[in-house]
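These are the residues of each chain, in order.
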Amino acid sequence: MALNPNAHWRDSARPVRFFFVDYRAMFPLVVVMFVPRFWTIGLAVVGIIFFMVLERYGFTVKVFMRLFQGFFAGPIKVARPWWYRTRT
């Protein structure tokens, strides 16, 4: 089966990458371009490493934030608002 050379839409769902790094990890470099200081470069490197580790373990930022929120919220979820609960 021959590939259609006009089917450029086939690769439209691939994630955007800059070399081997996901595009979301490159956002700290945009900040470095506007505020070129040593501490922003260090912060950008730490941010890029953080996003690369997230991607390595298969998390997106949205999924990681939900996991983070669930970790700090705890296993018990109150079903009634605080103003309806009876005082004991």
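As a starting point, this report considers the structure included with it. (Residues numbered from 1 in each chain as written. Predicted model: local features only at pLDDT ≥ 70, side-chain atom pairs only at ≥ 80, totals over all residues. Heavy atoms only, no water.)

A few words now on the overall build of the protein chain. Within the protein chain, the secondary structure is distributed over three helices and two strands. Helices and strands appear in the protein chain in the N-to-C order β-β-α-α-α. (Helix = DSSP H or I, 4+ residues; strand = E, 2+ residues; numbered from the N terminus.)

Inspection of every chain in the model, using the stated rule, returns one salt bridge. A salt bridge links R17 to E55, with the nearest nitrogen and oxygen atoms 2.5 Å apart. Here E55 lies in helix α2 (residues 38-56) and R17 lies in strand β1 (residues 17-18), a separation of 38 residues in the sequence. Judged by its relative accessible area of 40%, R17 is partly exposed. We classify E55 as partly exposed; its relative accessible area is 28%. (Salt bridge = Lys/Arg side-chain N within 4 Å of Asp/Glu carboxyl O. Buried < 20%, exposed > 50% of the residue type's maximum accessible area, 1.4 Å probe, protein only.)

Take the packing of helix α1 (residues 27-34) against α2 next. Between α1 and α2, the least distance of the axes is 8 Å, while the angle of their chain directions is 170°. What the angle tells us is that α1 and α2 run roughly antiparallel. Contacts between α1 and α2 pair P28, L29 and V32 from the former with T40, I41, A44, G47 and I48 from the latter. Per-class residue counts for the contact of α1 with α2 are six nonpolar, two polar and no charged. (Axes fitted to C-alpha atoms, helices over the stretch in contact; angles between N-to-C directions. Parallel < 35°, antiparallel > 145°, perpendicular 65-115°, else oblique. Contact = heavy atoms within 4.5 Å. Nonpolar A, V, L, I, M, F, W, Y, C, P; charged D, E, K, R; others polar.)

Right, let's talk about α2 for a bit. Look at α2: 27 Å from first C-alpha to last across 19 residues, which is about the 27 Å you get at 1.5 Å a residue. Those residues of α2 that sit buried are T40, A44, G47, I48 and L54. One side of α2 carries all its buried residues, which in axial view fall inside an arc of 125°. Opposite the buried face of α2, by more than 90 degrees, sit the exposed residues F38, W39, V46 and R56. Its buried side turned inward, α2 meets β2 (21-22), α1 and α3 (61-73). (Expected span 1.5 Å × (residues − 1). Arc of directions from axis to C-beta.)

Tallied over the entire structure, the rule returns five aromatic pairs. Residues F50 and F64 carry aromatic rings whose centres are separated by 5.6 Å and whose planes lie at 75° to one another, so their mutual orientation is edge-to-face. Highlighted residues: F50 in helix α2 and F64 in helix α3, separated in sequence by 14 residues. Residue classification places F64 among the partly exposed positions, given a relative accessible area of 21%. When the centroid spacing of 5.2 Å and the interplanar angle of 80° are considered together, the rings of F71 and F72 count as edge-to-face. By way of ring pairs, the aromatic residues F50, F51, F64, F68, F71 and F72 are connected into one cluster. (Phe/Tyr/Trp six-rings, centres within 6.5 Å; stacked < 30°, edge-to-face > 60°.)

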